Amino acid sequence: MLEADPAPFSARAATILGISRASKAAHQRLAHAESWLRFAVPAMLAAFLLCLGTVTALQLSGHREEVVADARRDIDLVARLTAGTLPASLARSSGASEAMAPTSLRERLVRLLPPGGLPAGRSVLLIGADDAILAALPEQHGLPRNFGEFVGEVQVLGIMGERAGVLPVVLGTGERALATVRAVPGGTGIAQVAVVQTLDSVTALWAGRARIAAVLVGAVTLVVVCTGLAYALQADRARAVDRVCEQVRQRLDTALGRGRCGLWDWDIPRGRIYWSDSMYQLLGYVREQEFLSFGDVNALVHPDDTDLYGLARQLAARDTTVDHEFRIRAAGGEWVWLKARAEIVQDLEDNGRHLVGIVIDISEQRRLAESTATADMRLRDAVEAVSEAFVLWDAQNRLVLCNSKFRRLHALTADEAQPGRRYDAIMGRAALPTVRREIPAGEFPEAGARTFEAELADGRWLQISERRTKDGGYVSVGTDITALKRHQERLVESERQLIATIADLKRSRRTLEIQTQQLADLAERYLDQKAQAESANRSKSEFLANMSHELRTPLNAILGFAEVMESEVFGSLGSEKYREYCRDIRSSGHYLLSVIDDILDMSRIDARRVKLAKQPVAVSEALERALKLIADPARSKGLTVSVEMSADTLVMADERALHQILVNLLQNAVKFTPEAGRVAVRTRRALDSVHIFVEDSGIGIPKAALPKLGYPFEQVETNFARSYKGSGLGLAIARSLAELHGGGLRIRSEEGTGTIVLVRLPRPGLHDAAEAQDAAQDAAAEIGA
């Protein structure tokens, strides 16, 4: 049961917001031991790693000593056997001179010790009485002449001989090795036998095993360290989670208490309900136990508001949410209004169903709603008593209230003008008056206010005043001004008619005078500009024709003399520089002649003197001829030229004009592409045309210069800062020829990246093919005649 106590509650829940903490004995013991386990586990892991490393190091060290000891015994045994067997072998030789020859000695040594039977890194040396090396097995190139230089001048082996046993030495090459010497009895000319083996070859197998052991120890160390780090991180995370849970519980209780809210957790199968501390504080009760029974809570709820038994049956039947207002008895006996919002939650541990939510104290809101309803009723009565049409809208353009005059004004029923409906929905059904004009505000206009006059359907006039309210809505009041408007309109209409008549006469006269003068000026300017254009065109044509005649004649002579001098027809020039000058003269002359040809071609195109003999032309063949002309410049610059097209692609074009278009575009692409660049040509078929793309990875064109390209004598570079020669007519000729074919030319470029030029030419249709066939037959007939 609950107890009323006005004092602040102090009981702390044994759960976290109704969820029980872990209560098993093993969990509790682990929680108590966690503080010293944090230090004990890392210490045990460190001790284990230290022991593992020490044992591994001792095992490797002992194994190495055993390997070296076995090698010492093996070297000593080989030296003794060789020294004892060698005299008998030499005694069977045919003579002393043969026995003392190095080649014969080495052959005898090979018979005793085959080279394949020696371990890697081991050498057997025969040493004479003067310390000279007579023979070696295996054979070594660059071997020192005496044994002292070979073993690094070690005096112990030289003085003590075989009594020194097997000693570690440093060879003359700087390698560490094991060496021993044995005297050869019998006076055969060989004083000693030396056996030497490098220390690296002795310990090679041990070193491999040591590396494997190091890798295993390292892997175990990594696993142990990672396990320790994981344990430490998990322990820190567990402590952090506990602290966060406690902070969340405290903050949630504080927030619920300050907001006059309470948390409910209704365990429906067990019939018990959890209240948060803020719920007890809200109602003034003291917590006696962790959970409340279903009957205890149902006894506190007002019987007219809800029935927990019926709610429990409803929740058991289906999943649902609760949004309900009800009264509950507080500790002082008064009724407190609460608003409950809850939802069914499935418990993951026991698969039970919980109704979890919050309740909010809405007693103050209920009292405020009652007082607001009373004030609203009084306001409606006052608005209805006003003689003008009155309406009030809120900030969201929803109707707040209006009187019957407003409904009659707009022919609205009470159902259509319901409060809460939007402006569009109400005024869409209303009979809207025609707004005549808005009355301007005075010297100090009020923000958000306006006044206008409107004429109703029955001929009456209203003056409607609108004002913005502080919450963003607006209020509108309409006053009947029908009599005043009718008198004012009669006076204004008479004056307006008189002024309008005078103004129309003046305006017509002034307009007529201005138009007459403008027409005369335009006619005179048109005649002058037409005469100037015709004169300029004639002058240009005459100038280009004269320039062609005047420049071609001397240029042809210059080119002919340059070729004669370069070929030395009339004798040697005497210097290679003269031949170079002749080549430069001929190259410059050809360039100047090509510029003149471009200018004349452009002139003929402008004068409409170009006649096109259109016929179906294979783009692949025209492109192949054009590529031959730019092959050498492209190869000299190391450019990559790629072609992507279909062999059966045809265009309806003049063959010579198509060749000129392709050559101009490819020459521009090669000229403006740096070394090791790329030039690509590809074609695409459209509905009634063929698109030819010429793409390069050259210097690109600025966006500001793109609109003027393709017109005569237009270039990106200025005349004072030019790095590429040319007349600037290549693109203009290509564009003009493409347009004469009924196609076009477009340019897309990005500075520093490259340029793409698109040429669009028409595809041959049935009518075009028939015309081309007739033209070909006529030409053949003329040739035959």
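Relevant structure appears above.
These figures come from a predicted structure and were not determined experimentally.

## What to know about the overall build of the chain
Regarding its fold elements, the chain presents 19 helices and 28 strands. In the chain, which comprises 785 residues, the share counted as buried stands at 34%. Look at the contacts in the chain between residues 6 or more apart in sequence, and 54% of them connect residues 24 or more apart.

## With respect to the side chain of arginine 182
With respect to the helices and strands, the residue arginine 182 is situated in strand β7 (residues 176-183). Looking at arginine 182, the relative accessible area reads 4%, which means it is buried. Polar contacts involving the side chain of arginine 182 include one to the side chain of threonine 180, which spans 3.1 Å.

## Points about a nonpolar patch on the surface
Taken together, the side chains of Val244, Val248 and Leu252 define a hydrophobic patch exposed on the protein surface, amounting to about 220 Å² of accessible area. Summarising the element assignment, leucine 252 is placed in helix α7 (residues 204-258).

## Some remarks on the environment of phenylalanine 326
Here phenylalanine 326 shows up in strand β13 (residues 321-329). Separated by 13 residues in sequence, phenylalanine 326 and lysine 339 place their C-alpha atoms 6.5 Å apart. Contacts of phenylalanine 326, omitting those with residues within four sequence positions, involve Trp264, Val301, Asp305, Thr306, Val336, Trp337, Leu338 and Ala340.

## Some thoughts on the pairing of strand β10 (residues 272-275)
In this sheet, β10 lies alongside strand β9 (residues 261-267) in antiparallel orientation, the contact comprising 4 bridges. When the sheet's bridge partners are listed, aspartate 267 is paired in β10 with arginine 272. Here β9 folds back onto β10 in antiparallel fashion, the turn holding 4 residues, of which glycine 271 has a positive phi close to 70°. Across 2 bridges, the pairing between β10 and strand β12 (residues 292-293) is antiparallel. Bridged to isoleucine 273 within β12 is leucine 292.

## Some remarks on the sheet that holds strand β15 (residues 353-361)
Reading across the sheet, the 6 strands line up as β12-β10-β9-β15-β14-β13 and stay open at both edges, with antiparallel pairing between neighbours. With one partner strand each, in any of the chains shown, β12 and β13 form the two edges of the open sheet. Strand contacts of helix α11 (residues 363-385): β13, β14 (335-346) and β15, with the helix running at about 125° to β14, the strand carrying the most contacts.

## Points about the pattern of salt bridges
For the structure on display, the rule yields 22 salt bridges. We note a salt bridge from arginine 398 to aspartate 394, for which the minimum N-O separation is 3.4 Å. For arginine 398, a relative accessible area of 31% puts it in the partly exposed group. Linking arginine 678 and glutamate 695 is a salt bridge whose minimum nitrogen-to-oxygen distance equals 3.6 Å. Of this pair, arginine 678 sits in strand β25 (residues 678-685) while glutamate 695 is found in strand β26 (residues 689-696), placing the two residues 17 residues apart along the sequence. Using a relative accessible area of 36% as the deciding quantity, one classes arginine 678 as partly exposed. By relative accessible area, which is 17% here, glutamate 695 ends up buried. Linked through salt bridges whose partners overlap, the residues forming this network are Asp76, Arg80 and Arg182.

## Topic: the sheet that holds strand β23 (residues 640-644)
Across the sheet, 5 strands lie side by side as β23-β25-β26-β28-β27; this open sheet has mixed pairing. Every interior strand has two partners, whereas the edge strands, β23 and β27 (744-750), have only one. Adjacent strand axes in the sheet meet at a mean angle of 15° when their direction is disregarded. When β23 meets β25, the two strands line up parallel, connected through 5 bridges. Note on β25: the bridge partner recorded for valine 643 is valine 681. Packing against the sheet, helix α16 (residues 619-636) makes contact with β23, β25 and β26, and its axis sits at approximately 175° to β23. Against the sheet, helix α17 (residues 655-671) contacts β25, β26, β27 and β28 (754-762), and its axis sits at roughly 25° relative to β26.

Each value, and the rule that gives it
- Residues numbered from 1 in each chain as written.
- Predicted model: local features only at pLDDT ≥ 70, side-chain atom pairs only at ≥ 80, totals over all residues.
- Heavy atoms only, no water.
- Helix = DSSP H or I, 4+ residues; strand = E, 2+ residues; numbered from the N terminus.
- Buried < 20%, exposed > 50% of the residue type's maximum accessible area, 1.4 Å probe, protein only.
- Contact = heavy atoms within 4.5 Å.
- Polar contact = N/O pair within 3.5 Å; in protein donor to acceptor, adjacent residues only side chain to side chain.
- Patch = residues over 30% accessible without salt bridge, like charges linked within 9 Å, V, L, I, M, F, W, Y side chains within 5 Å.
- Areas by Shrake-Rupley, 256 points an atom, 1.4 Å probe, with all protein chains shown as cover.
- Salt bridge = Lys/Arg side-chain N within 4 Å of Asp/Glu carboxyl O.
- Pairing = 2+ DSSP bridges.
- Axes fitted to C-alpha atoms, helices over the stretch in contact; angles between N-to-C directions.

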